[in-house]
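Now for the letters of each chain:
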Amino acid sequence: MAGGNERSMKALKEAWRRAENSLCADCGKPDPDWASSTLGVFICLSCSGIHRNIPSISKVKSLKMDHWDDAQVQFLAKHGNAVTKATYEAHIPIYYYQPTYNDCQVLREQWIRAKYERKEFTEPGKQLPYSDGVKEGILWKRGRDNGQFLPRKFLLSEREGCLKYFTKQDAKEPKINVKIDVINATFQPVKIGNPNGLQITYIKDNKTRNIFVYHESGKEIVDWFNAIRSVQFHYLKVAFPIASDNEIKNRLTRNFLKEGYMEKTGPKQREAFKKRWFTLDHRRLMYFKDPLDAFAKGEVFVGSRENGYSVQKGLPLGTQGNFSWHYGLTIVTPDREYLFTCETETDQLDWIAAFTSIISQAMTPQEYASKCLDAVSFLS
């Protein structure tokens, strides 16, 4: 650390070494080496960049490279992550999504602004823009056929337990009306091509449907995301009255386990392999011709090892279909084998790890029911 007297440097190091300060106060990344001299928190480099954008609230400095005067060191030592969190994170709704360092920029930025700038969690029972049980507004939605993003009115209602959208603002009937318990929402800025891009998926006729939306305001799109989680939480509290809050929280929106391109062949395993975009959403493996397709071309249920499912590195000997990628993997199910190839060995190992994580988990009664209803379609 540059500058500062020996006593000040020693006090700064001691505060930095405290266990509570070993993770970034905002995203949980290990070994933060920046801090806010006005908030008293230890943060990572990435979160320090967000703090720097709200200079009226937070002044950030490097713990390794910047000079800290005695007053700043004393303030940091007096506070630290635990003390500051006790103030700014005192009353976070259980359904509110707290991002990690693996999450996208808009989620992390709005989390930081919600805490320190808007002070949304400092008071009990504070009225929040995503806690009303109803939310209505305009989101830019991607057209299923033309790929253009057009403004559409969306309505989320806890009383009705659904999410609707309308093709026209004055339309009386919605284009879709989706039950809240079959909805998932996950941020997809890269796929959608917008930093505030949100993918909303829902189950209809036991098949997955995709809606891609964004809003110009990062705050607004994150408010929509947490409003969906809020409505889901209260719906599930009624539907499962004996479940704990944490059990219900774990059933709210989820990120996909893995997405990316692989090549696949058909059920006869003699067809040419075709490049497709794959999404592994818990036990649903779906494939699409294009990442932004509204409907999957096929889905397959991925069960547990106890029920005859496994993933194997490589392809069966004698595989006849022509393929251009040479890092194969095979999903074995009680009914058939599914053959895939990946472009790189890293992709292959990542997909195998993702499948293994699911196959190693025991199936729930709900997943058994889903499997029985699932009309598996995996056509080329």
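Computed from a predicted structure; not experimentally measured.

## A closer look at the packing of aromatic side chains
Turning to step 1, where the next piece is worked out: The full count for this structure, using the stated rule, is 19 aromatic pairs.
Turning to step 2, where the next piece is worked out: On the numbers, 5.8 Å between centres and 35 degrees between planes, the contact of Tyr96 with Trp111 is tilted. Placement of the pair is Tyr96 in the loop between helix H4 (80-88) and helix H5 (105-117) and Trp111 in helix H5, with a sequence separation of 15 residues. This pair shows no difference in class: Tyr96 is buried, exactly as Trp111 is.
Turning to step 3, where the next piece is worked out: Centroid distance Phe154 to Tyr165: 5.3 Å. Interplanar angle 25 degrees. Geometry classified as stacked. Of this pair, Phe154 sits in strand E5 (residues 149-157) while Tyr165 is found in strand E6 (residues 162-166), placing the two residues 11 residues apart along the sequence.
Turning to step 4, where the next piece is worked out: The lysine or arginine in question, Lys153, covers the ring of Phe166, its NZ or CZ lying 4.5 Å from the ring centre.
Turning to step 5, where the next piece is worked out: Here the guanidinium or amino end of Lys275 rests over the ring plane of Tyr261, the centre of that ring lying 4.5 Å away.

## Observations concerning empty space enclosed by the protein
Turning to step 1, where the next piece is worked out: In this structure the tally under the stated criterion is two cavities of 30 Å³ or more.
Turning to step 2, where the next piece is worked out: The calculated volume of the second largest cavity comes to roughly 30 Å³.
Turning to step 3, where the next piece is worked out: In terms of lining residues, the second largest cavity is bounded by Pro129, Tyr130, Ser131, Asp132, Gly133, Val134, Lys135, Leu156, Ala227 and Val231.
Turning to step 4, where the next piece is worked out: Broken down by secondary-structure element, the contributors of at least two residues to the lining of the second largest cavity are strand E4 (134-142) and helix H7 (218-239).
Turning to step 5, where the next piece is worked out: Broken down by class, the residue content of the lining of the second largest cavity amounts to six nonpolar, two polar and two charged.

## Brief notes about the UniProt feature "domain: PH" (unreviewed entry) in the protein
Turning to step 1, where the next piece is worked out: Using the residue numbers shown here, the UniProt feature "domain: PH" (unreviewed entry) corresponds to residues 132-233 and 255-360.
Turning to step 2, where the next piece is worked out: Across residues 132-233, helical content stands at 20% and strand content at 46%; the span's end C-alpha atoms are separated by 13 Å.
Turning to step 3, where the next piece is worked out: Each end of residues 255-360 is marked by a C-alpha atom, and these two atoms are 19 Å apart; helix forms 14% of the span and strand 38%.

## Details of the layout of surface pockets
Turning to step 1, where the next piece is worked out: Quantified by volume, the second largest pocket comes out at close to 600 Å³.
Turning to step 2, where the next piece is worked out: Surrounding the second largest pocket, 26 residues form its lining, Lys141, Arg144, Tyr165, Lys175 and Ile176 being those nearest its centre.
Turning to step 3, where the next piece is worked out: Residues belonging to the lining of the second largest pocket are distributed by class as follows: 12 nonpolar, five polar and nine charged.
Turning to step 4, where the next piece is worked out: Split by domain, the lining of the second largest pocket shows at least three residues from each of two domains, domain 2 (134-250) and domain 3 (258-377).

Thresholds applied
- Residues numbered from 1 in each chain as written.
- Predicted model: local features only at pLDDT ≥ 70, side-chain atom pairs only at ≥ 80, totals over all residues.
- Heavy atoms only, no water.
- Phe/Tyr/Trp six-rings, centres within 6.5 Å; stacked < 30°, edge-to-face > 60°.
- Helix = DSSP H or I, 4+ residues; strand = E, 2+ residues; numbered from the N terminus.
- Buried < 20%, exposed > 50% of the residue type's maximum accessible area, 1.4 Å probe, protein only.
- Lys NZ or Arg CZ within 6 Å of the ring centre and 35° of its normal.
- 1 Å grid on protein atoms, 1.4 Å probe; cavity = no way out; pocket = protein on both sides within 12 Å on 5 of 7 lines; lining within 4 Å.
- Points joined across faces, edges and corners; volume = space filled by probe spheres on them.
- Nonpolar A, V, L, I, M, F, W, Y, C, P; charged D, E, K, R; others polar.
- UniProt positions renumbered as here; feature names shortened; annotations may be inferred.
- Domains from an automatic or database assignment.

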